[in-house]
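A look at the structure
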Amino acid sequence: MEFNCEVLDHDVPKEEPVTFHFLAKFYPENAEEELVQEITQHLFFLQVKKQILDENIFCPPEASVLLASYAVQAKFGDYDPSVHKRGFLAKEELLPERVVNLYQMTPEMWEERITAWYAEHRGRTRDEAEMEYLKIAQDTEMYGVNYFTIRNKKGTELLLGVDALGLHIYDPNNKLTPKISFPWNEIRNISYSDKEFTIKPLDKKIDVFKFNSSKLRVNKLILQLCIGNHDLFMRRRKADSLEVQQMKAQAREEKARKQMERQRLAREKQLREEAERSRDELERRLLQLKEEAQLASDALMRSEETADLLAEKAQITEEEAKLLAQKAAEAEQEMQRIKATAIRTEEEKRLMEQKVLETEMLALKMAEESERRAKEADQLKQDLQESRDSERRAKQKLLEITTKTSYTPITNTTTLPAELPSFTIISDGLSFDFKDTDMKRLSMEIEKEKVEYMEKSKHLQEQLNELKTEIESLKMKERETSLDILHNENMDRGSNKQNTIKKPQAQGRRPICI
């Protein structure tokens with residue numbers, strides 16, 4: 001749009017309501033370095049995501065699944081199996097329709113693969129997940145390329161692509177691999193006259209490239225894109241302006257502050273979780289002691305009942321023994337009386353002897369029975385003593401358990417470490433005064449993150465290859481689009497965006513902030 005013209009004076013549909021889309025006109029070369037403000041990054045993420053879902057940017061299937069997992073992380077936060085149950089992505093638009101139709105896979109199968117990667121992104125904030133999404137998307141062949149239909153001198157129809165790196169000429173049926181490219185640092189001049197457009201390379205030995213477009217308005221748009229991208233291309237490779245330096249400094253301070261805040265919250269969360277685990281352990285131990293006390297109480301009650309029964313049985317046995325002893329004494333007295341009053345006659349003597357013999361046998365039996373009853377009474381007394389000892393031990397154990405169950409309430413007060421780096425916040429100027437040691441440590445962490453990122457990129461490529469191999473058997477070859485076929489051919493040849501398009505030298509390159 002022209003800023004000096006009213007909105008409706010532009011070439012817009014004459015209908016109501018008129019819908020406008022707020023989009024970035026110029027794409028950054030490196031989103032991580034150039035998108036300083038979080039709101040800019042978020043809006044650009046939404047724009048690139050929509051272009052991929054609308055298939056304006058070609059994305060291979062395995063990369064689409066990975067991008068979808070980062071989009072889910074940015075929207076839902078960390079994966080929680082108790083919250084993010086099966087089917088929670090059913091209403092989300094995460095994959096291009098071309099990718100979904102290319103494989104014989106149900107929505108549940110796609111969700112399972114997206115969730116598997118989503119679970120690995122634990123700990124990433126929304127901004128970090130969106131930035132990872134953009135870093136993968138910016139490596140696709142069609143990222144940031146504006147295509148225009150043109151004709152060369154011979155009238156052959158071609159496509160002109162304009163992006164942050166230069167101008168590219170494509171075959172109409174192949175938007176992935178340019179036939180020829182003109183990096184911005186190798187272009188001396190760009191001009192147009194009416195519908196004819198001229199590109200003059202910096203090397204005068206190379207022929208001037210001319211082409212025609214269908215409308216004069218298209219030439220103006222192409223020229224605007226060329227001027228804007230060329231200007232940004234040169235500014236990225238110069239020293240940052242004071243304003244950009246201030247923006248970057250504020251962004252670094254804000255990032256450091258948020259990092260320290262996240263670390264503080266993580267420490268608080270860890271301390272809280274440890275306190276909760278300690279409380280749960282104490283509650284579990286208390287419950288266990290209560291159960292042991294209940295078992296000991298039951299055992300004591302059974303011991304008391306057994307002791308009462310044994311005491312009662314011992315008393316009965318003792319009474320029986322006394323009764324048998326009394327009967328034995330009476331039998332002895334009867335035997336003496338019979339001997340004293342023996343009958344003088346032989347018959348009476350014989351009968352008396354027989355009766356005496358029977359009485360002696362009866363007395364012997366009663367004596368044996370009395371002895372047996374006495375032994376049984378002694379044994380019952382011994383059992384009674386053991387039962388009382390067992391009862392005493394059970395009472396002592398119950399007393400010990402009751403003493404152990406003293407429970408000290410747990411306070412949830414969590415004392416934060418006092419070693420947090422100090423910094424001063426001034427609300428009027430929105431400035432933050434960090435210690436030099438904090439900034440040095442942050443620089444070392446950034447260097448460490450770069451090394452980890454390189455290792456992670458290698459691991460990421462291995463994961464993508466594994467996923468591609470896993471779902472290859474489910475692919476329906478007849479549904480492959482021309483872009484899918486071209487992408488597979490490029491991968492077989494080992495060509496990609498980095499080595500297909502001739503990129504300018506990186507020496508002295510500096511990012512420009514949007």
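Owing to the predicted nature of the structure, the values given are computational and were not obtained by experimental measurement.

**Regarding the pattern of salt bridges**
Proximity of charged atoms lets side chains of opposite charge pair with each other. This structure, assessed with the given rule, holds 22 salt bridges. Where salt bridges share partners, they join Glu-29, Glu-34, Arg-236 and Arg-237 into one cluster.

**Remarks on a nonpolar patch on the surface**
Taken together, Phe-22, Ile-39, Leu-43 and Leu-46 make up a surface patch of nonpolar side chains, about 440 Å² in accessible area. Along the polypeptide, Ile-39 turns up in helix α2 (residues 38-53).

**Comments concerning unusual backbone geometry**
Located in the positive-phi region is Glu-55, a residue other than glycine, with phi close to 65°. With respect to the secondary-structure elements, Glu-55 resides in the loop between α2 and α3 (61-76). Overall, the relative accessible area of 34% leaves Glu-55 in the partly exposed class.

**Notes on the pairing of strand β3 (residues 166-170)**
Of all the five residues making up β3, five are buried; the element is thus mostly covered by neighbouring parts of the structure. Relative to β3, strand β2 (residues 157-162) runs antiparallel, the two sharing four bridges. Within the sheet, the bridge partner assigned to Leu-160 lies in β3 and is Ile-169. As paired strands, β3 and strand β4 (residues 180-183) are joined by four bridges and run antiparallel to one another. Across the sheet, residue Leu-167 finds its bridge partner in β4, namely Phe-182.

**Notes on the confidence of the model for the protein chain**
In the predicted model, the protein chain carries a mean pLDDT of 80, and the fraction of residues at 70 or more is 85%. Confidence, expressed as mean pLDDT per element, reaches its minimum in the protein chain at strand β8 (residues 424-426) with 34 and its maximum at α3 with 94. A low-confidence stretch, residues 406-436 stays under pLDDT 50, and its non-local contacts, those more than four residues away or across chains, total 37 contacts. For residues 502-514, every residue scores under 50 in pLDDT, and the model assigns this stretch 45 contacts once sequence neighbours within four places are set aside.

**A few points about helix α11 (residues 482-493)**
For α11, with 12 residues, the first-to-last C-alpha span of 17 Å sits near the 16 Å given by 1.5 Å per residue. Listed in full, the buried residues belonging to α11 are Leu-483, Asp-484, Leu-486, His-487 and Asn-490. For α11, the angular spread of buried residues about the axis comes to 165°, placing them on one side. Across from the buried face of α11, at angles greater than 90 degrees, the exposed residues are Asp-492 and Arg-493. Looking at the packing, one finds that the buried side of α11 touches α4 (97-102). A positive backbone phi angle near 80° is found at Gly-494, which sits one or two residues after α11.

**Side note on empty space enclosed by the protein**
In this structure the tally under the stated criterion is two cavities of 30 Å³ or more. Estimates place the volume of the largest cavity at around 80 Å³. Phe-58, Pro-60, Pro-61, Glu-62, Leu-102, Tyr-103, Lys-468, Lys-475, Glu-480, Asp-484, His-487 and Asn-488 are the residues that line the largest cavity. Elements that contribute at least two residues to the lining of the largest cavity include exactly α3 and α11. Ranked by residues supplied to the lining of the largest cavity, first place goes to α11 with three residues. For the lining of the largest cavity, a count of residues per class yields five nonpolar, two polar and five charged. Roughly 40 Å³ of internal volume is contained in the second largest cavity. If you go around the second largest cavity, the residues you meet are Lys-49, Ile-52, Leu-53, Ser-64, Leu-67, Ala-68, Ala-71, Leu-94, Pro-96 and Tyr-133. Breaking the lining of the second largest cavity down by element, the ones donating at least two residues are α2 and α3. Residue classes in the lining of the second largest cavity are distributed as eight nonpolar, one polar and one charged.

**Quick word on the sheet that holds strand β7 (residues 209-213)**
Within the open sheet, the seven strands sit side by side as β4-β3-β2-β1-β7-β6-β5. Their pairing is antiparallel. Of all strands in the sheet, those bounded by a partner on one side alone are β4 and β5 (187-193). Averaged over all pairs of adjacent strands, the angle between their axes in this sheet comes to 30°, without regard to strand direction. Here strand β6 (residues 196-201) runs beside β7; their pairing, made up of four bridges, is antiparallel. Looking at the pairing, Glu-196 lines up with Asn-212 of β7. Against the sheet, helix α7 (residues 216-236) engages β1 (146-151), β2, β3, β5, β6 and β7, with an angle of about 160° to β5.

**Some words on the environment of Asp-203**
Assignment of secondary structure puts Asp-203 in the loop between β6 and β7. Remark: the alpha-carbon pair of Asp-203 and Ile-187, spanning 16 residues in sequence, is separated by 8.2 Å. In terms of polar contacts, Asp-203 uses its side chain to reach the backbone amide nitrogen of Lys-205, at 3.1 Å.

**Details of the nonpolar core**
Of all hydrophobic cores here, the largest spans 47 residues; its most connected members are Val-48, Ile-52, Ile-114 and Tyr-133. Of all elements in the fold, only α2, α3, α4, α5 (107-118), α6 (126-137), α10 (436-472) and α11 reach the threshold of two or more residues within this core. A total of nine residues in this core trace back to one element, the largest contributor, which is α3. The residues touching Tyr-133, leaving out its near neighbours within four places in the chain, are Phe-45, Val-48, Lys-49, Ile-52, Leu-67, Tyr-70 and Ala-71. Of all hydrophobic cores here, the second largest spans 20 residues; its members include Ile-150, Ile-199, Cys-226 and Phe-233.

About the thresholds
Residues numbered from 1 in each chain as written. Predicted model: local features only at pLDDT ≥ 70, side-chain atom pairs only at ≥ 80, totals over all residues. Heavy atoms only, no water. Salt bridge = Lys/Arg side-chain N within 4 Å of Asp/Glu carboxyl O. Patch = residues over 30% accessible without salt bridge, like charges linked within 9 Å, V, L, I, M, F, W, Y side chains within 5 Å. Areas by Shrake-Rupley, 256 points an atom, 1.4 Å probe, with all protein chains shown as cover. Helix = DSSP H or I, 4+ residues; strand = E, 2+ residues; numbered from the N terminus. Buried < 20%, exposed > 50% of the residue type's maximum accessible area, 1.4 Å probe, protein only. Pairing = 2+ DSSP bridges. pLDDT = per-residue confidence, 0-100. Contact = heavy atoms within 4.5 Å. Expected span 1.5 Å × (residues − 1). Arc of directions from axis to C-beta. 1 Å grid on protein atoms, 1.4 Å probe; cavity = no way out; pocket = protein on both sides within 12 Å on 5 of 7 lines; lining within 4 Å. Points joined across faces, edges and corners; volume = space filled by probe spheres on them. Nonpolar A, V, L, I, M, F, W, Y, C, P; charged D, E, K, R; others polar. Axes fitted to C-alpha atoms, helices over the stretch in contact; angles between N-to-C directions. Polar contact = N/O pair within 3.5 Å; in protein donor to acceptor, adjacent residues only side chain to side chain. Core = buried A, V, L, I, M, F, W, Y, C linked by side-chain atoms within 4.5 Å.

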